[in-house]
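Okay, here's what each chain looks like letter by letter:
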Amino acid sequence: MVLSKFMPTNPKFSLKFAEAARNAHVTASALVDLLENYTDVEAKVQRVRDLEHEGDRLTGEITNLLAESFIVPFDREDIISLNNELDDLVDDLEDAARKLSLYGVEKPLPQMARLARVVEQQCALLAQGMPLIENKGQLGELARIAREIRALEDQGDTISDEVQRHLYDGVNDVPGMIRAMRGGEIVALIEDASDQAQRVAKTVESILLKNA
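Residues numbered from 1 in each chain as written. Predicted model: local features only at pLDDT ≥ 70, side-chain atom pairs only at ≥ 80, totals over all residues. Heavy atoms only, no water.

S.K.: What should I look at first to understand the side chain of E153 in this one?
M.R.: On the secondary structure map, E153 appears in helix α5 (residues 139-166). It turns out E153 is buried and unbridged, and the closest side chain with the opposite charge, R199, is 7.7 Å from it. Setting aside residues up to four positions removed in sequence, E153 forms contacts with Q122, S194, D195 and Q198. (Helix = DSSP H or I, 4+ residues; strand = E, 2+ residues; numbered from the N terminus. Buried < 20%, exposed > 50% of the residue type's maximum accessible area, 1.4 Å probe, protein only. Lys, Arg positive; Asp, Glu negative; His and termini not counted. Salt bridge = Lys/Arg side-chain N within 4 Å of Asp/Glu carboxyl O. Contact = heavy atoms within 4.5 Å.)

Set out below in structure tokens:
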């Protein structure tokens, strides 16, 4: 283990994780565009789905890279965790977009766009911080980024709580109840993405602390 610190590692890991974080940011931005400009819905949903497929491709490449590499830049378990967490983040975003189409939502709740904007900001910070993951001198910067992502996650919780508090206000028939339930489900998926962004940030911070 000590010897591995003096042997060359594969720099492609940092590049691939940075690429995956950028893809998550683009996916979140695409969901924001869908929700804030709710036109051409099917085309915009397909755009999110295409980005999720790109995320799957990157996840697979990182998995293959791990299998092929004898020396890695940090613990294999951390590489697996970070890879899965980034994949789950994009999956949650895609699932929210897909449900908008699947349920034929005519007008999304305004809180959906607000919550998606929170996730987009979190993903922008992840894309900013991910290239620093192997730079021991950037622990302070990554800690700052992680704090901002946590603060945004708190904002997301507040928005989600607001939705749950008023989800069934004025609902007095079965179709209205179904619409409310589906709206709540989509909000929950976007909130899951926000939670997942925070998990990614915590894993990145943990990796750097372990290797400081």
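S.K.: Can you help me understand helix α4 (residues 110-129) in this one?
M.R.: In an α-helix, one turn spans 3.6 residues, which is why side chains three or four residues apart end up on the same side. Spanning 20 residues, α4 covers 30 Å between terminal C-alpha atoms, matching the ideal 28 Å at 1.5 Å per step. Counting buried residues in α4 gives 14 out of 20 residues, a clear majority hidden from the surface. (Expected span 1.5 Å × (residues − 1).)

S.K.: What should I look at first to understand the layout of surface pockets in this one?
M.R.: Gaps left between atoms are located by rolling a probe of water-molecule size over the structure's atoms. Here the second largest pocket is characterised by a volume of approximately 500 Å³. Lining the second largest pocket are 24 residues, and of these K107, L109, G176, R179 and A180 lie nearest its centre. Of all the secondary-structure elements, those providing two or more residues to the lining of the second largest pocket are α4, α5 and α6 (174-210). Counting residues per element, the lining of the second largest pocket draws most heavily on α6, which supplies six residues. (1 Å grid on protein atoms, 1.4 Å probe; cavity = no way out; pocket = protein on both sides within 12 Å on 5 of 7 lines; lining within 4 Å. Points joined across faces, edges and corners; volume = space filled by probe spheres on them.)

S.K.: Which parts of the structure should I look at to understand the packing of aromatic side chains?
M.R.: Each pair of aromatic rings is reported with the distance of its centres and the angle of its planes. If you walk through the whole model with that rule in mind, you get one aromatic pair. Centroid distance F17 to F74: 6.5 Å. Interplanar angle 25°. Geometry classified as stacked. With F17 in helix α1 (residues 12-36) and F74 in the loop between α2 (41-68) and α3 (76-102), this residue pair connects regions lying 57 residues apart in the sequence. On the basis of relative accessibility, which here comes to 0%, the residue F17 falls in the buried class. By relative accessible area, F74 is classed as buried at 5%. (Phe/Tyr/Trp six-rings, centres within 6.5 Å; stacked < 30°, edge-to-face > 60°.)

S.K.: What's the story with the packing of α3 against α6 in this structure? I'm lost.
M.R.: The packing of two helices is summarised by the inter-axis angle and the distance between the axes. In the contact formed by α3 and α6, the axes pass within 9 Å of each other and the chain directions differ by 165°. On the basis of the axis angle, α3 is roughly antiparallel to α6. Between α3 and α6 lies a crossing of left-handed hand. (Axes fitted to C-alpha atoms, helices over the stretch in contact; angles between N-to-C directions. Parallel < 35°, antiparallel > 145°, perpendicular 65-115°, else oblique. Left-handed = near helix turned anticlockwise from the far one by under 90°.)

S.K.: Any chance you could explain the pattern of salt bridges here in plain terms?
M.R.: Two side chains with opposite charge may pair up if their charged atoms get near one another. Under the counting rule described, the total for this entry stands at 17 salt bridges. K99 is the partner of E185 in a salt bridge, and the nearest nitrogen-oxygen pair spans 2.6 Å. On the criterion of sequence distance, the pair formed by E185 in helix α6 and K99 in helix α3 is long-range, its members being 86 residues apart. The closest approach of N and O atoms between E162 and R114, which form a salt bridge, is 3.4 Å. Of this pair, E162 sits in helix α5 while R114 is found in helix α4, placing the two residues 48 residues apart along the sequence. Given a relative accessible area of 25%, E162 falls into the partly exposed group.

S.K.: Looking at this structure, how should I read the confidence of the model for the protein chain?
M.R.: Interpretation of the predicted coordinates at a detailed level should be avoided for regions scoring low in pLDDT. Put simply, the protein chain has an average pLDDT of 89, and 94% of its residues get 70 or more. With pLDDT under 50 throughout, residues 1-8 is counted as low confidence; its partners more than four residues away or in other chains account for four contacts. (pLDDT = per-residue confidence, 0-100.)

S.K.: Would you mind showing me how to read the nonpolar core here?
M.R.: Where a protein is soluble and globular, its nonpolar side chains tend to be buried together. Core analysis: the biggest nonpolar cluster contains 64 residues, and F17, L31, L82, L89, M130 and I190 have the highest contact counts within it. Elements with a contribution of two residues or more to this core: α1, α2, α3, α4, α5 and α6. The element that contributes the greatest number of residues to this core is α6, accounting for twelve residues. Setting aside its immediate chain neighbours within four residues, I190 contacts L31, L35, A96, M112, L115, A116 and V119. (Core = buried A, V, L, I, M, F, W, Y, C linked by side-chain atoms within 4.5 Å.)

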